[in-house]
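Each chain is listed here by its residues.
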Amino acid sequence: MYESPMHQPPMRQPPMRETRIREPGTILPRRDEAARHTSLRRALEATALVLASVLCGCAIGPNFKRPAMETPQQFKNATATTSTAAPPDQWWTMFHDPMLDQLINEVDVSNQNLAEASAAYDEAVAAVTEARASFFPSLSASASAERVKSGAGSNTFASVGSVSVAPNTGGGNTYSTYQLSGNATWELDVWGQLRRELESAKETARADLANIANARLAAQNELAAAYLELRGADAEIALLDSSVKAYQRTLDITTNRYKAGTVAKSDVLEAETSVFTAQQQQAATRLQRAQLEDAIAALIGKPASDFHIVPASSWNATIPAIPVGVPTTLLRRRPDIMAAEHNVASANAEIGVQEANYFPQLTLTGSYGFLSSSLGTLFEAVNRTREAALSASDTLFNFGSTQAKVTQARAEYRQSVAAYYQTILTAFQDVENDLAAIDWDRQQYDIIKKDSDAADENERLTLNEYKAGTVDFTTVVVAQAAALSARVSLAQITVSEQTAAVSLVTDLGGGWKPAAAVQTAAR
């Protein structure tokens, strides 16, 4: 049945919207608040999806695996009495010398090589912080005020900072624009390039941390060896002092006998030669001691002119038994090996950094601010502006540059692996050499000790026979020279045993704790 329009039910009219009248030049919003909230919600949902894909995605490039290397079951030159325990943390205390303990403790405070290594580590930690910051958006803010004149008259503008001002020269339209906004740019790590960069930076920091331990260990090694050699020089000087006095007494006896006419002038000359020779050795040993003292001063960061170690009245010739452990533990106990391993891991991560350049970079940008033609109404809700965008950029062709960088990264990785292997081989060589040197020194000490005891007794008997007139003075000189040489050799072999022990304990990694070092590395 047809019904006329007059009989139809009234149609529901949409609610009337309030119309705001603005002055010319006012920028009105393009959409109402509900539409803007819907758009923002959709942008956030899209962002969440992208972030989920980033978090769940795998980083481009190979994951690190420690290069495999076969290690021996035991050290070739280890003796049956060699302990398999690890050296103590403060290994230098095994020598029972308080002065050595004091000097070693000063290495951490003043050694400049150690300070240089520490600065390199601080730089690496800062690089880790920088790499980590790239995971987050960069934020910026901008503000501008612009006055524009269009139409008849002059269109000349004057700019002051971020404010552009157009002088009114008559005619045309003039209007102003004020804007304040905050901007964000976020590079999305879809392919894991940023994660690989952070991984590389962390491994570099850990390598530098191990380098600090290696520098400390090297300084401790040099200082302990120099100090023990200095104490050995003190012992030699004491022996030479005693010998010079003994030779002087012999010279006095020979001179008296020459004056009495019982011996020839040549006996006096030979006695004088013995005194002068011992004095020359004495001066050379004092020079060696002075140079060792200056070396110790440099190792603890003090001017050599202001540093002095009082000569020891007695010699503490302690020779500790160094526990060597087993060869497999050497790979985790030496800081230079751990540094080389972290360098391999860093180079491995760099491969992923370069391979990620094959893929497009995704960037999320957004801004939020206010835009109005009137400064007084700038912060009203109707003048708010929002913007969000997801962009992708990729290099289509760069004449093989990306491939070349990947090839370079892989070559650097192979170099670091070769350096890692060589560091391990050198470590085993060092330990075996130390063990062989300790065994040789021990055997030589036993022989030289017997030789020294025999030479001392021969010197005593020969001098008594000379006084009795049964042997000539040449026999006495020969006996004295042999006895002095044997005594000096005994002191030198004792120092050699001590320094060999120092070399062994430092080549084993000293008291370094790799687990603690990794925990304190940049995370």
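Use the structure listed above.
Within every chain, residues take consecutive numbers counted from 1 along the sequence as written. Thresholds applied to this predicted model are a pLDDT of at least 70 for local features of residues and 80 or more for the giving and counting of side-chain atom pairs; totals over whole chains, interfaces and linings are not thresholded and use all residues. Values shown for side chains rest on all heavy atoms present in the structure; no hydrogens or waters enter the calculation.

Novice: Which residues make up the packing of aromatic side chains, and what are the values?
Specialist: Any two of the Phe, Tyr and Trp rings considered here, Trp counted by its six-membered ring, make a pair once their centres fall within 6.5 Å; the pair's planes then place it as stacked at under 30 degrees, edge-to-face at over 60, or tilted in between. Throughout the structure, instances matching the rule amount to eight aromatic pairs. Measuring from ring centre to ring centre gives 5.9 Å for Tyr420 and Tyr421, while their planes differ by 45°; the resulting arrangement is tilted. Per-residue accessibility, obtained with a 1.4 Å probe over protein chains only, is compared with the maximum for each type, and a residue is labelled buried under 20%, exposed over 50%, and partly exposed between these values. Residue class for Tyr420 comes out buried when judged on its relative accessible area of 2%. Relative to Phe473, the ring of Tyr466 has its centre 5.1 Å away and its plane inclined at 65°; by these criteria the two rings are edge-to-face.

Novice: Requested: an account of helix H9 (residues 401-468), with residues and values cited.
Specialist: What counts as a helix is a DSSP run of H or I of at least four residues, what counts as a strand is a run of E of at least two, and both are numbered from the N terminus. A helix is expected to reach a length of 1.5 Å times the quantity of its residues less one. Over its 68 residues, H9 extends 95 Å from the first C-alpha to the last, a length consistent with the 100 Å expected when each residue adds 1.5 Å. With its phi angle positive at about 85°, Gly469 sits one or two positions after the end of H9.

Novice: I'd love a proper account of the packing of helix H8 (residues 335-355) against H9, names of residues and values included.
Specialist: Direction vectors running N to C along H8 and H9 enclose 170°, while the axes themselves pass 9 Å from each other. Taken together, the axis directions place H8 and H9 in an arrangement best described as roughly antiparallel. Here the contact of H8 with H9 is composed, by residue class, of 12 nonpolar, six polar and seven charged. All axes are obtained by fitting lines to C-alpha atoms, using only the stretch in contact for helices, and the reported angles, taken between N-to-C directions, cover 0 to 180 degrees. Geometric relationships in this document are graded by angle, where less than 35 degrees denotes roughly parallel, more than 145 denotes roughly antiparallel, 65 to 115 denotes roughly perpendicular, and other angles denote oblique. Each residue gets one label: Ala, Val, Leu, Ile, Met, Phe, Trp, Tyr, Cys and Pro are nonpolar, Asp, Glu, Lys and Arg are charged, and the others, such as Gly, are polar.

Novice: Help me get a handle on the side chain of Thr506, residues and values and all.
Specialist: Relative to the helices and strands, Thr506 is located in helix H10 (residues 473-507). Polar side-chain contacts of Thr506 include one of 2.9 Å to the backbone oxygen of Val502. Every residue pair with non-hydrogen atoms within 4.5 Å of one another is taken to be in contact. Ignoring any residue separated from it by four or fewer positions in sequence, one finds Thr506 in contact with Trp91, Leu217 and Asn221. Residues adjacent in sequence count toward polar contacts only when both atoms are side-chain atoms; beyond that, a polar contact is any pair of N or O atoms within 3.5 Å, and within protein one must be able to donate a hydrogen and the other to accept it.

Novice: An account of the nonpolar core is needed here, citing residue identities and associated values.
Specialist: Residues belong to one nonpolar core when they are buried, are Ala, Val, Leu, Ile, Met, Phe, Trp, Tyr or Cys, and are joined through side-chain atoms within 4.5 Å. Membership of the largest hydrophobic core comes to 57 residues, with the highest contact counts inside it found for Trp91, Leu100, Leu103, Leu223, Ile296 and Leu504. Breaking this core down by element, the ones donating at least two residues are helix H2 (98-105), helix H4 (112-133), helix H5 (193-259), helix H6 (265-299), helix H7 (327-333), H8, H9 and H10. Of all the elements, H5 adds the most residues to this core, at 14 residues. In this structure Leu223 touches Leu100, Leu103, Ile104, Val107, Ile296, Leu299 and Ile300, once residues within four positions along its chain are discounted. Core analysis: the next-biggest nonpolar cluster, separate from the first, contains 15 residues, Tyr247, Ala271, Phe473 and Leu484 among them.

Novice: Let's hear about unusual backbone geometry: which residues, and what values?
Specialist: You will see that His96, though not glycine, has its phi angle at about 55°, which is positive. Mapping His96 onto the fold places it in the loop between helix H1 (33-56) and H2. Residues other than glycine seldom take positive phi values, yet Phe399 does so here, at roughly 60°. Locating Phe399 in the fold gives a position in the loop between strand E6 (384-393) and H9. Judged by its relative accessible area of 74%, Phe399 falls in the exposed class.

Novice: Would you mind going over the packing of H9 against H10 in detail, with residue names and values included?
Specialist: Two elements in contact, H9 and H10, have axes separated by 7 Å at closest approach and are oriented at 160°. Here H9 lies roughly antiparallel to H10, going by the angle between them. When the axes of H9 and H10 are compared, the crossing they make is left-handed. A per-class count over the contact of H9 with H10 returns 20 nonpolar, 10 polar and 11 charged. Left-handed is the label given to a crossing in which the near helix is rotated counterclockwise from the far helix by less than a right angle, and right-handed is the label when the rotation is clockwise.

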